[in-house]
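So you can see what is in the structure, the chains are spelled out below.
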Amino acid sequence: MRNKNRSRRFKLLRFVAAVMALGLLASACGDDSDDGGATGTTAPATTAAGDSAATLLKIALVAPSASDDLAFTQSMVDAINELSDPVALSITDGTFVIEEAATAIREYAAAGNEIVVAHGTQFGASLAEIAPDFPEVTFLWGTSTDTQGLANVFAYSPDAAEGGYVNGVVAAAISSSGSIGVVGPIEAGDAVTYITGFNNGALANGATEVSITYTGSFGDVALAAEAATALITNGADVLTGSAQMVVGAVGVASDEGVPWFGTQANQTSLDPSLVVASQVYHWEVVLEEMIAQRKAGVLGGEAFEINLANGGLEIEFNDGFDLPADARAAGDAAIAGIIDGSIDPNG
Amino acid sequence: MATDTDIPMLEMRGITKRFPGVLANDAVDLTVRSGEVHTLLGENGAGKSTLMKILFGLYQPDEGEIRLNGEAIEVESPSFAIAHGIGMIHQHFMLVPTLTVAENVALGTRSTRWPLTDLPVVSRRVEEISEKFGLAIDPSIEVWKLAVGERQRVEIIKALYRDARLLVLDEPTAVLTPQEVEEFFGILNEMRSTGHGLIFISHKLREVVAISDEITVLRNGRVTGHTTPAESDRHQLATMMVGREVSLAPDRPEIEPGESRLVIRNLVVESDRGTTAVDGLDLDVRAGEIVGIAGVSGNGQRELAEVIAGLRDAETGSSVQINGVEVVGLGARIARDAGLAYVPEERMRDGAIGDFTVSENLVLVDHGSEEFSRRGLLRFGVIRRHSQELVDRFEVKTPGLDTATSTLSGGNIQKLILARELASGPTVLLAAQPTRGVDIGAAEYIHEQIIEQRSGGAAALVVSEDLDELMGIADRIAVMFEGRIMGIVEIEDATREALGLMMAGVHEGSPA
Amino acid sequence: MSDFFTATVLFSTLAAGIRLSTPFLFAGLGEMVGQKSGVLNLGVEGVMLLSAFFAYWTALSTGSLWLAVLVGTLVGLLMGVVYGLITVVFHAEQGISGIGIFLFGLGFSDLMFQEKVGTPKFTSKLPSVDIPLLSDIPHVGVAFFQHSAMTYAAFVMVPLVMILLRRTTFGTNVRAAGENPESADSLGVSVARIRFSAIVIGNTLAGVAGTALVLELGIFQPNLTAGRGFIAIALVYFGAWRAPGVMAGALLYGVVEATVITWKALGIIPRSLSDISAMAPAVITIAALVILARRVKPPAALTQPFSRH
């Protein structure tokens, strides 16, 4: 009230700042395991496997992004569908808002599901509240390397560095400039693990420079595209990247004829001629184990990891890309080395 | 001089308009002839504005008929009214400040270069009209740069540009200096001589008597009289308007002023726009006197009042002392503790909280005091007794103490604020536009209260744009122009002409 | 690393900045037209997403970029009609309605994407249109004259919007409706019609912004716009409700974004500062606003619904 003039100007600034903050908030959110998805809707897509649902194991999945995102959420949906025994599956996907996810998790637990999958690191705090209320239900939570000490929670995580290392080795093998570009989201979680492994693999196999660019966003496709453009302008002739927004980078790689390495899901369909290989998650390996534990009466308390050794991680090479035999051989050697322990992808 | 025609330019017959709970117009008749200035006289809420809004198509009447040049019309919208030669100069100017004069004038008219504007063509016509009626104005200037009087001329040009034959002028002189009023009347005379019909809305009796050919008086939505200046003087008009005897000049007992209670030295204040609003102002107000601040709106009066009340900062070097206590930049609390009571200009923004009850507003300032609260809890019993006492003493007409303040009339809200401010027995009273928008009865009462404070030894500073008001109650009148005091005159020596010149910044009066 | 000041890098960064500023410019100019008429539209982001999705879907299913541009534009126009109905006809509170449009756009574009497309696929992208001769100028050609038609169009919109607002009767009416709607009304100008039209124009431009974004990338993804619609609103304030100002803001934001991403790629910005530097465009834009802070006020009647009593 005192100085109206000044206060009006601050009001304006405050408004602008608030609008910008909204913008930044929206930009930082993207679909990813670690920092929340971005789809915003709660479109409960329920699929029931078979009519005799009552006799089947009842599993419910709550996931931050879309079931067919060619990435994180799809990897789990595919895995559940790959289980050896059919299950009755309910899905709530696109729960970018954590509170919505928490509600869905609680409702699924209350609705008599035997296993509820909370597919997102960010759901951990909610789970710590919900899980003790449903001691008969097993909760699966990932990606996480610990169970928060909860007796009815199994944790799961990928050792994404392993596939990253293999991809890095192959990438270095086909790079003629020795300069390789990486497009990452925010420096956290799986993306960091993958990129660390990739960096180590590429440098181990003769790459001279691995330029790592974190765009600062899980969802900003346009920024990912510009990051790829900048990397290519700077001499990178092979690219990789992690998280959902990398499709922008794949688009640029595709235009420029630069080979691409994927992770989290098989990205070959984005460009069948330029995607070299993708690290694919097979959660079913650890899912089977966790289901077996539950049947044996152990409702939780253990953390599982998928890796190359247990078959939870797999490098899927694209036959459509003409990969030189020596490069392929280097990749296979890296896989073997990681499995037998002679190579430490994180080292 | 009315040109002689049998058919009146405008006939409104039996116009009735109801709003929920209010009969705004009750079978009102109005006849206006070409070449005539016809005054609609009445207090706020008498139904003048409603009648004119019906004429201009902003409201539809529930009953009644409108004839223009003998032909019955249904004015369905402002564009219809404009197309039929009816123009309206609104009390609050209907101008877009960020547009130029020509753009404002052209707004809503057909462009000869559609879809592009044809401002050169418009400007030429504006200049023609200006010349014909003596309304000097530059068509290419943006309206916000114009003085108030000039803006009014733009409004008139707007109407004439649309070939208006019948013009409604809603309180057009409220914002003008006496000299500007004279010029304005010159323009009206010019229009009268060209056969325009003019409806003049005002409650300034002096002007009404000076310019009108015919006078129709409204009260509570009904026509209560029809007269001419020759038949009725100011006092009779006031009586017709209010419905009872009123005294236009309140009694002011002679008393000798005491020591200075409000001392202002070298006051410099910045306006919201960042310009200098008050520019090195000095003023003393002594115990037992009322000093009036006259001036055209926007010459720093608002900023002056806000600084005294502690609501606005002044530049360094400024000094305002209330009973010897320096208050500049220290906030409202300090000013009040020093003995100030403040009746603000924007009564609904700064004076009272509309959603609060009458009772809550009455203790708004003091609710934290020991009298009304104990350990942070309000003492409702005490507050109610105190409120009831004030409502009775200051004749606030309200259905109850728990009524939302916003539902009261302007006059009663003002009485409520006055009651709260005067209850504490202030030694300095600052009142800004205390009777603006208030009916004559309430205004009379408010004036009595201010005079009573002064007679009780308080120093009173009254800011008003209504010269008649100040000449009625003040002991001295200071005229502000561009942030300075142009001069201060004792009421015995005050003439409207001299004050008017100072208001226009023309003449430097006796130094402060 | 060593050659980050080379002309190649500098000019390709500039080119990236101009590319990134294209959606801001379209959306910002559109928002400005709406605000000039007195209507705040916080739903820009949602409209951009809807247009982006439908343009993408059209391109995917028909293979025609022209059709995609048309559909994206029409979706924006349609959303303008919807928002016009909400705010002008039904006088809904503008802030809340805008957020509603945003949430609807965010959710519906996502839902449609899951239903109709599912797995991300590339469409053809907007081709780069090289301006004859000019595009051959070393460096400068890359920066300014090798862009998509949409980018050129965005910059052509700047004088067009100026002419619309300054030189046409419609523009005069728009400004009057935003500053003093009572005045416009008293002169027989239909404030409702003017505002409705301004909103439709504004949302159409927001639709074009979303279309330009998606066709530049060749792929849609839920929340593709990533907050660009909100930034565009802020840029209207930055630009002080003037088309060249909005353009300056869009360019500043885009170029800073491009510079940050390029410097990250070149390793000039260390990885430890990577996430912080993502905020640089917003911080710098706000800083510029504070430093340049002119005493410009929004249109006086912004966010105020208009109706006769």
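Bear in mind that the values here come from a model prediction, so they are computed numbers and not experimental data.

Another point: the overall build of chain B. A count of helices and strands for chain B gives 17 helices and 22 strands. Expected size for 512 residues packed as a compact globule is a radius of gyration near 24 Å; at 24 Å, chain B falls within 12% of this value. With the principal axes as the frame, chain B shows a C-alpha extent of 70 × 50 × 45 Å. Counting over 512 residues, chain B shows a buried share of 56%. For chain B, restricting intrachain contacts to residue pairs at least 6 apart in sequence, the fraction spanning at least 24 positions comes to 66%. Carbon together with sulfur atoms contributes 49% to the accessible area of chain B, which is approximately 21400 Å² in total. Where the 50 positive side-chain charges of chain B centre and where its 79 negative ones centre are 4 Å apart.

All names here are of chain B. Taken in spatial order, the 6 strands of this open sheet run E6-E7-E8-E3-E9-E10, and their pairing is mixed. Two strands in the sheet have a free side with no partner beyond their single neighbour: strand E6 (86-89) and strand E10 (222-227). Mean inter-strand twist for the sheet, computed between neighbouring axes without regard to direction, equals 20°. One ladder, built from 4 bridges, connects strand E3 (residues 37-41) with strand E9 (residues 214-219); its direction is parallel. What sits directly across from Leu40, in E9, is Thr216. Helix H5 (residues 148-161) contacts E6 and strand E7 (166-170) of the sheet and is inclined by roughly 170° relative to E6. Sheet strands touched by helix H6 (residues 178-193): E3, E7 and strand E8 (197-202). Its angle to E8, the strand with the most contacts, is close to 150°.

This next bit is on a positive patch on the surface. On the surface, a cluster of positive charge is made up of B:Arg113, C:Arg166, C:Arg167 and C:Arg242. Within the secondary structure layout, C:Arg242 lies in the loop between helix H10 (228-238) and helix H11 (243-265). Taking relative accessible area as the criterion, C:Arg242 reaches 53% and is therefore assigned exposed.

If a strand is regular, its side chains alternate between the two faces of the sheet. Bridge count between strand E11 (residues 260-270) of chain B and strand E12 (residues 276-286) of chain B: 8 bridges; the pairing is antiparallel. For B:Val263, the partnering residue across the bridge sits in E12(B) and is B:Asp284.

Here A:Gly142 and A:Thr143 are connected by a cis peptide whose omega angle stands at 5°. Looking at the element boundaries, A:Thr143 is found in the loop between strand E4 (138-142) and strand E5 (153-158). Note the cis peptide between B:Trp114 and B:Pro115, where omega equals 5°. Mapped onto the elements of the fold, B:Pro115 is located in the loop between helix H3 (101-106) and helix H4 (119-133). The backbone of B:Asn69 sits at a positive phi, close to 50°, despite the residue not being glycine. You can see B:Asn69 is positioned in the loop between strand E4 (63-68) and strand E5 (71-73).

Let us now look at the pairing of E8(B). All names here are of chain B. With 6 of its 6 residues buried, E8 lies for the most part within the structure. Residue alternation in E8 divides its side chains into two sets, Gly197, Ile199 and Ile201 and Leu198, Phe200 and Ser202, and both sets are buried. When E3 meets E8, the two strands line up parallel, connected through 5 bridges. Across the sheet, the residue bridging to Thr39 is Phe200, located in E8. Pairing analysis gives 5 bridges linking E7 to E8, with the strands arranged parallel.

Attention now goes to the sheet that holds strand E20 (residues 459-463) of chain B. Residues and elements named next belong to chain B. If you walk across this open sheet you meet the 6 strands as E16-E19-E20-E13-E21-E22, and the pairing is mixed. Both outer strands of the open sheet, strand E16 (340-343) and strand E22 (484-490), are each paired with one neighbouring strand and no more. On average, adjacent strands in this sheet sit at an angle of 15° to one another, irrespective of strand direction. The pairing of strand E13 (residues 289-294) with E20 spans 5 bridges and is parallel. From the neighbouring strand, Val291 faces E20, where its bridge partner is Leu461. The strands touched by helix H17 (residues 496-503) within the sheet are strand E21 (476-481) and E22, with E21 carrying the most contacts at an inclination of about 30°.

Opposite the 21 residues of chain C that make contact, chain B presents 28 residues. Regarding the contact of chain C and chain B, the summed buried area is about 2000 Å², with carbon and sulfur atoms giving 60% of it. In this structure, the connection of chain C to chain B is made through 1 salt bridge. Contributions of two or more residues to the side of chain C that touches chain B are made by helix H6 (149-167), helix H7 (169-179) and helix H8 (181-186) of chain C.

Another point: the domain arrangement of chain B. Note on interface size: it is often stated as the accessible area lost on association of the parts. Residue and element names in this part refer to chain B. Here the domain parsing of chain B yields domain 1 (4-242), domain 2 (250-339 + 426-512) and domain 3 (353-425). The interface is formed by 14 residues belonging to domain 2 together with 13 residues belonging to domain 3. For the pairing of domain 2 and domain 3, the buried interface totals around 1200 Å² over both sides, and the portion due to carbon and sulfur atoms is 62%. Our count for the domain 2 to domain 3 interface comes out at 1 salt bridge. With a closest N to O distance of 2.9 Å, Glu421 and Arg336 form a salt bridge. If you look at where domain 2 meets domain 3, you find 3 residue pairs in polar contact (both at pLDDT 80 or more). At the level of elements, helix H10 (332-337) and helix H15 (440-455) are the ones that each hand at least two residues to the side of domain 2 that touches domain 3.

Here the focus is the layout of surface pockets. Any space left empty among the atoms is revealed by the rolling of a water-sized probe across them. The volume enclosed by the second largest pocket comes to roughly 760 Å³. In terms of lining, the second largest pocket is formed by 33 residues, of which the most central are A:Glu226, A:Thr229, A:Val252, C:Arg19 and C:Glu216. Breaking the lining of the second largest pocket down by element, the ones donating at least two residues are helix H7 (221-233) and helix H8 (247-256) of chain A together with helix H1 (7-36), strand E2 (146-148), H6 and helix H9 (191-217) of chain C. Here the lining of the second largest pocket takes 8 residues from H1(C), the largest share from any one element.

What counts, and at which threshold
Residues numbered from 1 in each chain as written. Chains lettered and ligands numbered in written order. Predicted model: local features only at pLDDT ≥ 70, side-chain atom pairs only at ≥ 80, totals over all residues. Heavy atoms only, no water. Helix = DSSP H or I, 4+ residues; strand = E, 2+ residues; numbered from the N terminus. Rg over C-alpha atoms; globule rule 2.2 N^0.38 Å. Buried < 20%, exposed > 50% of the residue type's maximum accessible area, 1.4 Å probe, protein only. Contact = heavy atoms within 4.5 Å. Areas by Shrake-Rupley, 256 points an atom, 1.4 Å probe, with all protein chains shown as cover. Lys, Arg positive; Asp, Glu negative; His and termini not counted. Charge placed at Lys NZ, Arg CZ, Asp CG, Glu CD. Pairing = 2+ DSSP bridges. Axes fitted to C-alpha atoms, helices over the stretch in contact; angles between N-to-C directions. Patch = residues over 30% accessible without salt bridge, like charges linked within 9 Å, V, L, I, M, F, W, Y side chains within 5 Å. Salt bridge = Lys/Arg side-chain N within 4 Å of Asp/Glu carboxyl O. Buried area = accessible area lost by both parts, 1.4 Å probe. Domains from an automatic or database assignment. Polar contact = N/O pair within 3.5 Å; in protein donor to acceptor, adjacent residues only side chain to side chain. 1 Å grid on protein atoms, 1.4 Å probe; cavity = no way out; pocket = protein on both sides within 12 Å on 5 of 7 lines; lining within 4 Å. Points joined across faces, edges and corners; volume = space filled by probe spheres on them.

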